[in-house]
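Examination of the molecular architecture
Each chain, letter by letter, is given below.
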Amino acid sequence: MKILVVFYSRSGRTKKIAEAISDILKCDKEEIFDLKNRKGIPGFLSAGTDANLRKLTAIKEIKNNPSLYDLVIIGTPVWSSNISTPIRTYLSLYKDNFKEVAFFCTRLGSDIEKVFADMEGICQKNPIALLALTSREVARDQYMQKVKEFIKKVKEETAK
Ligand SMILES: Cc1cc2nc3c(=O)[nH]c(=O)nc-3n(C[C@H](O)[C@H](O)[C@H](O)COP(=O)(O)O)c2cc1C
């Protein structure tokens, strides 16, 4: 089973989870880079506005063709109660190339049902597993239990 972990991370939290998942699964990972500058306060404001308006952005060319993987695990931070703009872009570009998907996100505290439902809607695929963590859990290194449960679910579903 070939698995790819794809993620975007503006400030490192989602990246930490992506690395934990790919380390345990010993699988490839792909970081998505936004060509629009999201640094500092102007970047924060543009990120919030773009996500809220469900805009797309330009992302750096990807290295791994998702259609070569049995499962693509996609992670995003929540921006303005929405999918982050770079991951919305990635999903929009490659939605027809996924065999199976699983999703994870990090956020301060927002509800994530809408975000996951939106990701599912774009991919037109039921995710086989979901993982949501708060920034606090990530910052305090209190995420491993949930990450392991997520991976257990991934393994159960892919073994069917
Ligand atoms: C522009 C912007 C908007 C955000 N909006 C929300 C939000 O609506 N709800 C929430 O719980 N967290 C929100 N956050 C917090 C991030 O989702 C959270 O800090 C996340 O863990 C950051 O992940 P990263 O370090 O991988 O970029 C927002 C962060 C940014 C930069």
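Another aspect to go through is the site of the ligand. Taken together, 20 residues lie near the ligand, and Ser9, Ser11, Thr14, Val78 and Ser110 sit nearest. Within the backbone of Leu108, a nitrogen or oxygen atom sits 3.0 Å from an oxygen atom of the ligand. Starting from 640 Å² of accessible surface for the ligand in isolation, the protein chains cover 89%. Mapped onto the shell around the ligand, the elements with two or more residues apiece are helix H1 (13-25), helix H2 (40-52), strand S3 (71-79) and strand S5 (100-107). Here the shell around the ligand is composed, by residue class, of six nonpolar, 11 polar and three charged.

Here we take up the pattern of salt bridges. In the structure shown here, the tally under the stated rule is 12 salt bridges. A salt bridge links Asp50 to Arg38; the nearest nitrogen and oxygen atoms lie 3.0 Å apart. Of this pair, Asp50 sits in helix H2 while Arg38 sits in the loop between strand S2 (28-31) and H2, placing them 12 residues apart in sequence. Of the charged contacts, one joins Lys146 and Glu137 as a salt bridge, the two residues approaching to 2.6 Å between their closest N and O atoms. We classify Lys146 as partly exposed; its relative accessible area is 35%. Overlapping salt bridges bring together Asp34, Lys36, Arg38, Asp50 and Lys55 as one network.

Conventions and cut-offs
Residues numbered from 1 in each chain as written. Predicted model: local features only at pLDDT ≥ 70, side-chain atom pairs only at ≥ 80, totals over all residues. Heavy atoms only, no water. Near = heavy atom within 4 Å. Polar contact = N/O pair within 3.5 Å; in protein donor to acceptor, adjacent residues only side chain to side chain. Areas by Shrake-Rupley, 256 points an atom, 1.4 Å probe, with all protein chains shown as cover. Helix = DSSP H or I, 4+ residues; strand = E, 2+ residues; numbered from the N terminus. Nonpolar A, V, L, I, M, F, W, Y, C, P; charged D, E, K, R; others polar. Salt bridge = Lys/Arg side-chain N within 4 Å of Asp/Glu carboxyl O. Buried < 20%, exposed > 50% of the residue type's maximum accessible area, 1.4 Å probe, protein only.

Keep in mind these numbers describe shape, not what the thing actually does.
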